[in-house]
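# Observations on the three-dimensional arrangement
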Amino acid sequence: METYAVRGAARKTTGHYRRPGTRELYCGRRAGGRNSIFAAVRGWHLCKRCVRAEARDRYEAEAVAEAWRSEVVEPAGMLVIASYTRPRGAEQLAFDGVPRPHEQYALFAA
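Read on for a plain summary of the structure.

Parameters and conventions
- Residues numbered from 1 in each chain as written.
- Predicted model: local features only at pLDDT ≥ 70, side-chain atom pairs only at ≥ 80, totals over all residues.
- Heavy atoms only, no water.
- Helix = DSSP H or I, 4+ residues; strand = E, 2+ residues; numbered from the N terminus.
- Areas by Shrake-Rupley, 256 points an atom, 1.4 Å probe, with all protein chains shown as cover.
- Patch = residues over 30% accessible without salt bridge, like charges linked within 9 Å, V, L, I, M, F, W, Y side chains within 5 Å.
- Salt bridge = Lys/Arg side-chain N within 4 Å of Asp/Glu carboxyl O.
- Buried < 20%, exposed > 50% of the residue type's maximum accessible area, 1.4 Å probe, protein only.
- Lys, Arg positive; Asp, Glu negative; His and termini not counted.
- Charge placed at Lys NZ, Arg CZ, Asp CG, Glu CD.
- Polar contact = N/O pair within 3.5 Å; in protein donor to acceptor, adjacent residues only side chain to side chain.
- Contact = heavy atoms within 4.5 Å.
- Disulfide = S-S within 2.5 Å.
- Expected span 1.5 Å × (residues − 1).
- Core = buried A, V, L, I, M, F, W, Y, C linked by side-chain atoms within 4.5 Å.

### Structural notes on the overall build of the protein chain
In terms of regular secondary structure, the protein chain is built from 3 helices and 4 strands. A total accessible area of about 8,600 Å² is found for the protein chain, and carbon and sulfur atoms account for 57% of it.

Laid out in structure tokens, this is it:
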């Protein structure tokens, strides 16, 4: 993940994570330029507040994504009707187009 320096920092030896969609860092400061190229420099470290907050946001986003993946969704265009309110006979065939077994027998008996 890309890291950023604090805006106006003299030394860029601390990496910060930027909050998605903003120019602010997770620790509340304004983001400056990218500084992941300094990772090889002696004394390089990551801001602990940014690391914790980014990990928390990532965990929450994964939980929401998992909830969406596991949620049962009706196919688009399906009409859900309680069984006791469904019409019967020819009226039912015209309504949802799926005949019940006893109606299939009536269709093919003719």
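After that view, the rundown keeps rolling.
### Re a nonpolar patch on the surface
Nonpolar side chains collect at one region of the surface, where Ile37, Phe38 and Val41 lie side by side and expose about 280 Å² of accessible area between them. Summarising the element assignment, Val41 is placed in the loop between β3 (31–34) and β4 (45–46). Given the relative accessible area of 37%, Val41 is considered partly exposed.

### A short note on a positive patch on the surface
Among the surface-exposed residues, Arg7, Arg23, Arg30 and Arg34 lie close enough to one another that they form a single positively charged patch. Checked against the element boundaries, Arg34 lands in strand β3. According to the relative accessible area criterion, Arg34 is exposed, its value standing at 57%.

### Considerations on the side chain of Asn35
Structurally, Asn35 can be placed in the loop between β3 and β4. One polar contact links the side chain of Asn35 to the main-chain carbonyl oxygen of Lys12, over a distance of 3.3 Å. When sequence neighbours within four positions are dropped, the list of residues in contact with Asn35 reads Thr3, Tyr4, Ala5, Lys12, Thr14, Gly15 and Trp44.

### Observations regarding the state of the cysteines
Tallying each qualifying case throughout the model produces 0 disulfides. Cysteine Cys27 remains unbridged, with the sulfur of Cys50 as its closest cysteine sulfur at 3.6 Å. Relative accessible area serves as the criterion here: at 7%, Cys27 is assigned to the buried category.

### Observations regarding helix α1 (residues 48–70)
For α1, which comprises 23 residues, the first-to-last C-alpha distance of 33 Å matches the rise-based estimate of 33 Å (1.5 Å per residue) to within 8%. Within α1 the residues assigned to the buried category are Cys50, Ala53 and Glu54.

### Focus: the pattern of salt bridges
The final tally for this structure, using the stated rule, is 2 salt bridges. Between Arg58 and Glu54 there is a salt bridge; the shortest N-O distance is 2.5 Å. Within this pair, Arg58 and its partner Glu54 are both found in helix α1, separated by 4 residues, close to a single helical turn. What makes Glu54 buried here is its relative accessible area of 10%.

### Some thoughts on the nonpolar core
Side chains of a nonpolar character, in soluble globular proteins, are inclined to be buried together. Membership of the largest hydrophobic core is limited to 10 residues, which are Tyr4, Val6, Tyr17, Leu25, Tyr26, Cys27, Ala31, Cys47, Cys50 and Ala53. Where this core is concerned, the elements lending two or more residues are β1 (4–6) and α1. Apart from the residues lying within four places of it in its own chain, the contact partners of Leu25 are Tyr4, Ala5, Val6, His16, Tyr17, Arg18, Arg19, Arg30, Ala31 and Cys50.

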